[in-house]
Amino acid sequence: MSRGVRLALFGVAGAGFAAVLVIGMTGLPDFGSYHGVYGQIIDGIGVTVRHGTDLITALNFDIRGFDTLGEEFILFASVLGIVLILRQLGGERHQPHQEESDEHHFAGASEALRALALALIPSVIAVGVYIVVHGQITPGGGFQGGVILAAAPLAMFIAGRYMRMRVLAPHLVIELGDVIGAAGYALVGLSGLVFVGIFFKNSLPLGIPGHLLSGGQMDVASVFVGLEVSGAFLVAWTHFLDQALLIRSGKQS
Amino acid sequence: MTVLQVAVLVAVAVGGGAVVVAPNALRQALVLGIYGLALTMLFFVFQDPDVALSEIVVSTIGLPVMVLLALRKVHQQEGEREEDSS
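Model, not experiment: these values are computed from the prediction.

Novice: When you look at the packing of helix H5 (residues 111-133) of chain A against helix H6 (residues 142-158) of chain A in this model, what are you seeing that I'm missing?
Specialist: The description of two helices packed together rests on the angle between their axes and the distance between the axes. Residues and elements named next belong to chain A. The contact between H5 and H6 brings their axes to 8 Å, and the two run at 170 degrees. If you check the angle between H5 and H6, you find them roughly antiparallel. Seen from H5, the contacting residues are Ala 117, Leu 118, Leu 120, Ile 121, Val 124, Ile 125, Val 127, Gly 128, Val 129, Ile 131 and Val 132; seen from H6, they are Gly 142, Gln 144, Gly 145, Gly 146, Ile 148, Leu 149, Ala 151, Ala 152, Ala 155 and Ile 158. Classifying every residue of the contact of H5 with H6 gives 16 nonpolar, 5 polar and no charged.

Novice: Which parts of the structure should I look at to understand the confidence of the model for chain A?
Specialist: Fine structural detail should not be taken from predicted coordinates in areas where pLDDT scores are low. Scored by pLDDT, chain A comes out at a mean of 87, with 94% of its residues at no less than 70. Within chain A, no element has a lower average pLDDT than strand S2 (residues 247-249) of chain A, which sits at 77, and none a higher one than helix H1 (residues 3-26) of chain A, at 95.

Novice: Sorry, what's going on with H5(A) here?
Specialist: In an α-helix, one turn spans 3.6 residues; hence positions three or four apart end up facing the same way. Residue and element names in this part refer to chain A. If you check H5, its first and last C-alpha atoms are 34 Å apart, about what 23 residues at 1.5 Å a residue would give, namely 33 Å. All buried positions along H5 are accounted for by Gly 128, Ile 131 and Val 132. Of the surrounding secondary structure, the elements contacted by the buried residues of H5 are H6 and helix H9 (217-246).

Novice: Would you mind going over unusual backbone geometry with me for this structure?
Specialist: As a rule of thumb, non-glycine residues mostly have phi less than zero, and peptide bonds are mostly trans rather than cis. We note that His51(A) has phi near 60 degrees; this positive angle belongs to a residue other than glycine. Secondary-structure assignment places His51(A) in the loop between helix H2 (37-48) and helix H3 (55-63). For Gln47(B), which is not a glycine, the phi torsion comes out positive at approximately 65 degrees. On the secondary structure map, Gln47(B) appears in the loop between helix H2 (25-45) and helix H3 (49-85). C-beta crowding within 10 Å serves as the criterion here: with 7 such atoms nearby, Gln47(B) is assigned to the exposed category.

Novice: Mind showing me how you'd approach the packing of H2(A) against H3(A) here?
Specialist: Residue and element names in this part refer to chain A. Between H2 and H3, the shortest axis-to-axis distance is 10 Å and the interhelical angle comes to 85 degrees. Here H2 lies roughly perpendicular to H3, going by the angle between them. Across the interface between the two elements, Ile 42, Asp 43 and Gly 46 from H2 touch Leu 55, Ala 58, Leu 59 and Ile 63 from H3. Counted by class, the contact of H2 with H3 contains 5 nonpolar, 1 polar and 1 charged residues.

Calculation criteria
- Going along each chain's sequence as written, the residues are numbered from 1 onward.
- Numbering of ligands from 1 and lettering of chains from A proceed in the order in which they are written.
- Under the rules for a predicted model, residues below a pLDDT of 70 receive no local features and side-chain atom pairs below 80 are neither given nor counted, while totals for whole chains, interfaces and linings still include all residues.
- To obtain an axis, a line is fitted to C-alpha atoms, over the contacting stretch when the element is a helix, and the angle between two such axes runs from 0 to 180 degrees between their N-to-C directions.
- To qualify as a helix, a DSSP run of H or I must reach at least 4 residues; to qualify as a strand, a run of E must reach at least 2; elements of each kind are numbered from the N terminus.
- Here is the rule for angles: anything less than 35 degrees is roughly parallel, anything more than 145 is roughly antiparallel, 65 through 115 is roughly perpendicular, and the remaining ranges are oblique.
- Note on contacts: each residue gets a C-beta atom placed from the backbone, and two residues are in contact if those atoms are within 7 Å.
- Just so you know the grouping, Ala, Val, Leu, Ile, Met, Phe, Trp, Tyr, Cys and Pro go in nonpolar, Asp, Glu, Lys and Arg go in charged, and all remaining residues, Gly too, go in polar.
- The predictor reports its confidence for every residue as pLDDT, a score running from 0 up to 100.
- A helix is expected to reach a length of 1.5 Å times the quantity of its residues less one.
- Each residue is classified by how many other C-beta atoms fall within 10 Å of its C-beta atom, where C-beta atoms are placed from the backbone; a count of 20 or more means buried, 12 or fewer means exposed, and values in between mean partly exposed.

Below, the structure is given as structure tokens:
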């Protein structure tokens, strides 16, 4: 196809797209106006019936907990895919990773950066745990807190000490975290089926809105999702890091 | 619409364009991180702190690690191939 034909084709398609877009835009409701009935119902029952002050978490982990189950297994399956694709192949070999010698120092890992990264680890863990357990009260929850928690061992890698990151977060531990989190969230749903008769219906005491232990199953679900997400991210990162730092093609020795 | 909302909308539009026109993959990864921050501000200004938190953890912690490590691996393999052919 010549350049002229391609441009003509783009002209026709672009003009059509622009026309549809403009027609669609003119029919939009005014900026800031909201007429969704579902949202207004959730707004009304979130605190009074479900005892969670963060309605997004109330939706994710209680009212539409079933949707989150699907999302959680999307993450689980994609991490499985990463593990499968980035595994060590027959023609590849492990190269010992010399962190003490100068030539293998991670670019820019100065003493100051190393000290800062190590000093950050406790506070990163504290922020991560806070975000996970306060999901039903303030913005946040299992997913956000889980990624922050996963960043704590990663700080060890930023400090230029990948082998020590693997000591801090060994393969078995992060894989177990991923699996227990995923299974635990499904069990939260099953507990509703067993104790109240409906999958993902809350069966735990609701507590006082705004208190740490409130919102019934939201807190438990949030902790399991946090475990799964931090495990999943660490498994994915560890496989990327293994590929980038340790595994070489076997042609030259 | 407030001035702040207009400002973040412009920042997201400019940032998205900047990611596309970035000259090479490494710079693109860095510009993508800045674009992620602009998106975070967008969600925050439009009153969705939950999504803002998700966006900031994914765009500043989750994604750059994977992109940068994948780039490192690609460069490594290109280097090995050149050594093989020479």
